[in-house]
Amino acid sequence: MRMGEGVEWGLHCCLALAWLEDEAPIPTGKLAELFELPPVYLKKRLQDLVRAGILASVPGVKGGFRLARAPERITLLDVVAAIEGRDEAFRCNEIRRRGAGAEEPAGTFAKPCGVVIAMRRAELAWRRELAAQTLADLMREAAPSAPGRTRRHYARLTG
């Protein structure tokens, strides 16, 4: 399973927004500076998170982004799905029906094959694991210095 860098960016920005809750809303440019990311591309990922109801966007000169829900109510699957989409990772094209399989009688392929069953089982396990972990879990598992480091760095950017 391969995810784009936008997932990492989105998760880290969500963590930063949680730790900077008292400073919200946080402008895109400042979030980009926190992680040395390109602001234009980051803004697209943040807009994906807004459309999914994970972030809220505040317009205007003093606008920016903040979490739209409590960290306990944002799962890793929410973020992954917002950025990568909800499509299944494995797409079965029934190639077993081609070539030598084309000669088989009707009904031979009525049941799903072992490949698709195994792949769907693996994806379901992956999705369950992501759905079971929240942003609050990541916050608890982060290095003890992470919240303070984020706040100090943000203060330097805005001061």
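Here's what I pulled together on the structure shown here. (Residues numbered from 1 in each chain as written. Predicted model: local features only at pLDDT ≥ 70, side-chain atom pairs only at ≥ 80, totals over all residues. Heavy atoms only, no water.)

## Some points on the layout of surface pockets
Part 1 of the argument: By volume, the largest pocket is sized at about 220 Å³.
Part 2 of the argument: Forming the boundary of the largest pocket are 13 residues, of which W19, F35, A146, R149 and T150 lie nearest the centre.
Part 3 of the argument: Elements with a contribution of two residues or more to the lining of the largest pocket: α1 (5–19), α2 (28–35) and α7 (146–158).
Part 4 of the argument: Top contributing element to the lining of the largest pocket by residue count: α7, with 5 residues.
Part 5 of the argument: Here the lining of the largest pocket is composed, by residue class, of 8 nonpolar, 3 polar and 2 charged.
Part 6 of the argument: The space that makes up the second largest pocket amounts to roughly 190 Å³. (1 Å grid on protein atoms, 1.4 Å probe; cavity = no way out; pocket = protein on both sides within 12 Å on 5 of 7 lines; lining within 4 Å. Points joined across faces, edges and corners; volume = space filled by probe spheres on them. Helix = DSSP H or I, 4+ residues; strand = E, 2+ residues; numbered from the N terminus. Nonpolar A, V, L, I, M, F, W, Y, C, P; charged D, E, K, R; others polar.)

## Looking at the pairing of strand β2 (residues 64–67)
Part 1 of the argument: In this structure, strand β1 (residues 55–58) lies alongside β2, joined through 4 bridges in antiparallel fashion. Looking at β2, one finds that A56 is bridged to R66.
Part 2 of the argument: Linking β1 to β2, which pair antiparallel, is a turn of 5 residues; within it G60 sits at a positive phi near 105°. (Pairing = 2+ DSSP bridges.)

## Some words on the packing of aromatic side chains
Part 1 of the argument: If you walk through the whole model with that rule in mind, you get 1 aromatic pair.
Part 2 of the argument: The interplanar angle of 80° and the centroid separation of 4.9 Å between the aromatic rings of W9 and Y41 together place this pair among those described as edge-to-face. Of this pair, W9 sits in helix α1 while Y41 sits in helix α3 (residues 39–51), placing them 32 residues apart in sequence. (Phe/Tyr/Trp six-rings, centres within 6.5 Å; stacked < 30°, edge-to-face > 60°.)

## A closer look at the environment of M3
Part 1 of the argument: Considering the arrangement of structural elements, one finds M3 in the segment before α1.
Part 2 of the argument: With 80 residues separating them in the primary sequence, M3 and I83 have C-alpha atoms 9.2 Å apart.
Part 3 of the argument: For M3, the contacting residues outside a window of four places in its chain are V80, E84 and W126. (Contact = heavy atoms within 4.5 Å.)

## Comments concerning the environment of W9
Part 1 of the argument: The exposure class of W9 is buried, given its relative accessible area of 10%.
Part 2 of the argument: Along the chain, W9 and I83 lie 74 residues apart, while their C-alpha atoms are 9.9 Å from each other.
Part 3 of the argument: Beyond its immediate sequence surroundings of up to four residues, W9 is in contact with L37, P38, Y41 and L42. (Buried < 20%, exposed > 50% of the residue type's maximum accessible area, 1.4 Å probe, protein only.)

## Some points on the nonpolar core
Part 1 of the argument: Within the largest apolar cluster, 35 residues are counted, with the highest numbers of intra-cluster contacts made by L31, L49 and L55.
Part 2 of the argument: Where this core is concerned, the elements lending two or more residues are α1, α2, α3, β2, α4 (76–84) and α7.
Part 3 of the argument: It is α1 that contributes the most residues to this core, 10 residues altogether.
Part 4 of the argument: L31 has contacts with C13, A16, L17, I26, L42 and L46, leaving out every residue within four places of it along the chain. (Core = buried A, V, L, I, M, F, W, Y, C linked by side-chain atoms within 4.5 Å.)

It is worth stressing that arrangement in space is one thing and function is another; only the former is reported here.
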